[in-house]
Amino acid sequence: HNMWINDVTAADFNNDGLVDVVGVSSRDDAAYNGTPFIGMNHGNLHFSRKQVMDNSEDDIFRADRVVHGFFDGDGLPDVFYSNGHGLLPSHQGPYQFWLNRTATENGYLLLELEGVNANRDAVGAQIEVRDAEGGLIGYREIGPGYGRSQDTHLVHVGLGEREGPFTLRIRWPGATDLQIEALSRPGSYRLRQGEPPQPFTASTGQRGGTARTQAAP
C-alpha cells in the first residue's frame, strides 16, 4: 500500500535554534494509519526522522491536519492533530493533543505582535532576531500555513545556549520602515506596533480535552 504525507508543521521543538518538522501520514483504505513523525534538524540540511505520538488505537483513521501552539507556558511548541478521515461506520477518529516534554535548558523568544496601523494580528509581519554581533539567529513571518491548517500567531525562535542581548527587526505589513528593538534576555514579550516590547507570561491554562506528553528525540 502507498503512504503519503497529509500535513506538516514546522517549529523548533527543542529550542536549539534549528527548525524541525512534524508531519502526519496515512495509507490506502484497509491499511493502518501512518504514525506521525518528527524530522529533527541537525543543521547543514541534515535531518533525522523519528516516529512520535504513536497511538495504535487510531490505526484505522487517517490523520489529516497537524498544527503547533503553546499551551502550558514552557516555551516549547506543543502539537495538535486531527484524525478527520477513516473507515465507515466511525469515519472520524479522536483528535490528539500532545504536550512537548523535551528535557532542555535551551532558551527561546516568544513574541506576540499587535498591529496598530497594520492589521491587529500583524499577519504578514516579518521578524528578524539577531545576536549582539548582528548575526541572524532566526527569521519568521506571521501567517503562512501548510495545506488547510494554521499554526499559532505567536512568533517562536529557539536560541540554543544564547543568553542575549538580542535585536529584533520588525517589518510591519504596509510599513516602509523597520521597527528595531533590543531585548536583554530570552523570554516572552508582547510588542504593539510602534511601542517598546513588554514582558508577559504565556498562558499556562488549557480548555478541556485530554493531553498526552511526548519528548522530542
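Residues numbered from 1 in each chain as written. Predicted model: local features only at pLDDT ≥ 70, side-chain atom pairs only at ≥ 80, totals over all residues. Heavy atoms only, no water.

### Here we look at unusual backbone geometry
For residues besides glycine, phi is generally negative; the peptide bonds are generally trans as well. Rule in force here: Under the DSSP-based scheme used, a helix requires at least four consecutive residues in state H or I and a strand at least two consecutive residues in state E, with every element numbered from the N terminus.
Here the bond from Gly164 into Pro165 is cis, since omega is 5°, no more than 30 degrees from zero. Looking at the secondary structure, you find Pro165 in the loop between β13 (155–160) and β14 (166–171). Despite not being glycine, Leu45 shows a phi value in the positive range, around 65°. Relative to the elements of secondary structure, Leu45 occurs in the loop between β3 (37–41) and β4 (47–51).

### So, the packing of aromatic side chains
Note the cut-off: The aromatic pairing rule takes the rings of Phe, Tyr and Trp, using the six-membered ring of Trp, and pairs them if the centres are within 6.5 Å, calling planes under 30 degrees apart stacked, those over 60 edge-to-face and the rest tilted. A simple rule labels every residue: compare its accessible area, found with a 1.4 Å probe on the protein chains alone, to the largest value its type can have, and call it buried under 20%, exposed over 50%, or partly exposed in between.
All told, the structure shown has 1 aromatic pair when counted by the stated rule. With a centroid separation of 4.7 Å and an interplanar angle of 70°, the aromatic rings of Phe71 and Phe97 are classed as edge-to-face. Taken as a pair, Phe71 in the loop between β6 (65–69) and β7 (78–82) and Phe97 in strand β9 (residues 96–100) lie far apart in primary sequence, 26 residues in all. The exposure class assigned to Phe97 is buried, which follows from its relative accessible area of 9%.

### A word on the pairing of strand β10 (residues 107–114)
Heads up, the rule is: Strand pairing requires that DSSP identify at least two bridges connecting the strands.
Among the 8 residues that make up β10, 7 are buried, leaving the element largely enclosed by the rest of the structure. Bridge count between β10 and β13: 5 bridges; the pairing is antiparallel. Looking at β13, one finds that Leu109 is bridged to Val157. Note: β10 against strand β16 (residues 187–192), 6 bridges, orientation parallel. Residue pairing for β16: Leu111 is matched across the bridge by Tyr189.

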